[in-house]
Amino acid sequence: MNADETNLSDVAEQSRKSCHVSVMPAEVVQWLEPVAGGVVFDGTFGGGGHSVLLARAASEHGGRVLAVDRDPAAADVGLATIAGLPIDLFCGSYHQVDRILKAAEVEALDGVVLDLGLSSDQLEDRSRGFSFNGDGPLDLRFDPTRGRSAKEFLAQATEKEIADAIYQFGEERLSRRIAKQIVMRRQERKPVKTVAELVDICRRCVPRSKGHDIHPATRTFQALRILVNEELAILESALKVLPSRMRPGGRIAIISFHSLEDRIVKNAFRDDERLEPLMRKPLRPSDEEVAVNPRSRSAKMRVAVIRRLVP
Ligand SMILES: C[S@@+](CC[C@H](N)C(=O)[O-])C[C@H]1O[C@@H](n2cnc3c(N)ncnc32)[C@H](O)[C@@H]1O
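Parameters and conventions
Residues numbered from 1 in each chain as written. Predicted model: local features only at pLDDT ≥ 70, side-chain atom pairs only at ≥ 80, totals over all residues. Heavy atoms only, no water. Helix = DSSP H or I, 4+ residues; strand = E, 2+ residues; numbered from the N terminus. Rg over C-alpha atoms; globule rule 2.2 N^0.38 Å. Buried < 20%, exposed > 50% of the residue type's maximum accessible area, 1.4 Å probe, protein only. Contact = heavy atoms within 4.5 Å. Areas by Shrake-Rupley, 256 points an atom, 1.4 Å probe, with all protein chains shown as cover. Lys, Arg positive; Asp, Glu negative; His and termini not counted. Charge placed at Lys NZ, Arg CZ, Asp CG, Glu CD. Axes fitted to C-alpha atoms, helices over the stretch in contact; angles between N-to-C directions. Parallel < 35°, antiparallel > 145°, perpendicular 65-115°, else oblique. Left-handed = near helix turned anticlockwise from the far one by under 90°. Salt bridge = Lys/Arg side-chain N within 4 Å of Asp/Glu carboxyl O. Core = buried A, V, L, I, M, F, W, Y, C linked by side-chain atoms within 4.5 Å. Pairing = 2+ DSSP bridges.

### Re the overall build of the chain
At step 1: Assigned secondary structure in the chain consists of 13 helices and seven strands.
At step 2: Relative to the globule expectation of 19 Å for 311 residues, the C-alpha radius of gyration of the chain, 20 Å, shows essentially globular dimensions.
At step 3: Going through the 311 residues of the chain one by one, you find that 53% of them count as buried.
At step 4: Here the analysis covers contacts within the chain between residues at least 6 apart in sequence; of these, 72% occur between residues at least 24 apart.
At step 5: Counting only carbon and sulfur atoms, one obtains 49% of the accessible surface of the chain, whose full area is about 14,800 Å².
At step 6: When the 46 positive and 45 negative side-chain charges of the chain are each reduced to one mean point, those points stand 7 Å apart.

### Notes on the packing of helix 1 (residues 25-32) against helix 2 (residues 49-59)
At step 1: The interhelical angle for the contact between helix 1 and helix 2, taken along N-to-C directions, is 40°, at an axis separation of 10 Å. As the angle between them shows, helix 1 and helix 2 are arranged oblique. The way helix 1 lies across helix 2 gives a crossing that is right-handed. Between helix 1 and helix 2, the residues in contact are Pro-25, Val-28, Val-29 and Leu-32 and His-50, Leu-53, Leu-54 and Ala-57, respectively.

### Here's the deal with the pattern of salt bridges
At step 1: Using the criterion set out here, one finds 18 salt bridges in the structure.
At step 2: For the salt bridge of Arg-146 with Asp-143, the shortest nitrogen-to-oxygen distance reads 3.2 Å.
At step 3: With a relative accessible area of 4%, Asp-143 lands in the buried category.
At step 4: A network of salt bridges, in which partner residues are shared, links Lys-160, Asp-164 and Arg-176.

### Remarks on the nonpolar core
The tendency in soluble globular proteins is for nonpolar side chains to be buried side by side.
At step 1: Judged by nonpolar contacts, the single largest core of 67 residues is most densely connected at Phe-41, Leu-66 and Leu-109.
At step 2: Setting aside its immediate chain neighbours within four residues, Leu-109 contacts Val-39, Phe-41, Leu-66, Val-97, Leu-101, Arg-245, Met-246 and Arg-247.
At step 3: Counting residues in hydrophobic clusters, the runner-up holds 23 residues, among them Val-52, Leu-79, Val-113 and Met-301.

### Examining the pairing of strand 7 (residues 300-306)
At step 1: Where burial is concerned, most of strand 7 is hidden: six out of the seven residues are buried.
At step 2: Here strand 5 (residues 246-256) runs beside strand 7; their pairing, made up of six bridges, is antiparallel. Note that in strand 7 the partner of Ile-252 across the bridge is Ala-304.

What follows is the structure, encoded as structure tokens:
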């Protein structure tokens, strides 16, 4: 997969600034409690907001942040942001933490933050296909250099596979209707290749219902994004490995944006004997934060501490 362990801090020249506004920034620093000389792993660097705050807090005590993002474009926007701070930025997936620890010559972590989903930089970039309020190629990969794009999946999968994916990862009740239209277009030699073509199908298949004001394409795009990036499998795999790479007393904070992810985190924190959840209900952003950053409205943050297991 996707970790070539290039320390991006050592590479290339810097360009743009991120437009991403970090979610629950104060809460992340408060709950992770960066310790003296500690190492924090930011598994979803994005625009670097959390990394920078954690590095500032950790650097007072000689600590550092190892940050990783699966999207090579995050490096472009990230390098200026981390200049002068004790942050090592890598390209790869957070579940490949071992490869990153090895590359950074770090033995164990004192804190971990995962802020799941996509960044505003990715959403704004029409060439990625994440936003259905525009047009562009239907890609939806966090790392467009690897794996299968959404367009390729829709060109190759059976009608049942498409319907199942949209139902399972998007919880879209009308998944069969949407899959049927997608396959019909293929049979007419007009396969779905762009955002606008898929949005058009969703609009025709999903009626806007009363009191239900999400866009008709929301669930379908969410499903395809989760599928092509294997987001849930990667989260599950990371939750198995990360606690073993952390020191007792270290904390792990995960911010999720939909119920499928939150369920995985909640169950892992509850069932894994290496972890002690620090809250029963997830933390939510304040009304003030939601007013300033509406993207934060569906965020849920859970934090657990690494238990000291007696052998
Ligand atoms: C919500 S943004 C993170 C924003 C960041 N916390 C900040 O404050 O700017 C999520 C980021 O996680 C990245 N991402 C998603 N899955 C990943 C994975 N498996 N490994 C590493 N990065 C991933 C995405 O590419 C995206 O840049």
